[in-house]
Amino acid sequence: MADDTIQQVYMRITQRMQDCQKQLAQIDAQISANQRETRLAALTKREIQDLDTSVPLYKSMGKMFIQETKEDLLKDIAQSAADAKTMVDALEKKQKF
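Residues numbered from 1 in each chain as written. Predicted model: local features only at pLDDT ≥ 70, side-chain atom pairs only at ≥ 80, totals over all residues. Heavy atoms only, no water.

Asker: Go over the overall build of the protein, please, and point to the residues and values.
Answerer: Along the protein, the regular secondary structure elements total two helices and two strands. Computed over C-alpha atoms, the radius of gyration of the protein comes to 22 Å, more than 25% over the 13 Å expected from 2.2 N^0.38 for 97 residues, which places it beyond the range of a compact globule. The burial tally for the protein puts 14% of its 97 residues in the buried class. Intrachain contacts of the protein at a sequence separation of at least 6 include 57% that bridge at least 24 residues. On the protein, roughly 8,100 Å² of surface is accessible, and the fraction owed to carbon and sulfur atoms is 57%. Looking at the protein, you have 15 positive and 15 negative side-chain charges, and the mean spots of the two groups are 3 Å apart. (Helix = DSSP H or I, 4+ residues; strand = E, 2+ residues; numbered from the N terminus. Rg over C-alpha atoms; globule rule 2.2 N^0.38 Å. Buried < 20%, exposed > 50% of the residue type's maximum accessible area, 1.4 Å probe, protein only. Contact = heavy atoms within 4.5 Å. Areas by Shrake-Rupley, 256 points an atom, 1.4 Å probe, with all protein chains shown as cover. Lys, Arg positive; Asp, Glu negative; His and termini not counted. Charge placed at Lys NZ, Arg CZ, Asp CG, Glu CD.)

In structure tokens:
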């Protein structure tokens, strides 16, 4: 009877460990994706800032493009970068927990 109990406990611990490893892998993937988004936003912002205000700029909306002002586009990029940074911070806290 004791051997069965020990084996059941071992199986539960093994299953829990595998679940935790899967969750950590998912968190790592999400952190990488958000860091990539932050770098992309920084690069896009740098490229747009160098452009003249007379240059037409477009924002992708699904399958179409919408013309935007330089200021609005820069605000959207800054917001996107801030959201990604916040998500990375939250995921890193979750990863440490």
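Asker: Kindly report on the pattern of salt bridges, identifying the contributing residues and their values.
Answerer: One pass over the structure, following the stated rule, counts three salt bridges. Note that K59 and D76 form a salt bridge whose closest N and O atoms lie 2.8 Å from each other. Here K59 is found in strand β1 (residues 57-61), whereas its partner D76 is found in helix α2 (residues 70-96), with 17 residues between them in sequence. Assessed through its relative accessible area of 26%, K59 is described here as partly exposed. Linking K75 and D72 is a salt bridge whose minimum nitrogen-to-oxygen distance equals 3.9 Å. Taken together, the residues span about one helical turn, with K75 and D72 both in helix α2 at a distance of three residues. (Salt bridge = Lys/Arg side-chain N within 4 Å of Asp/Glu carboxyl O.)

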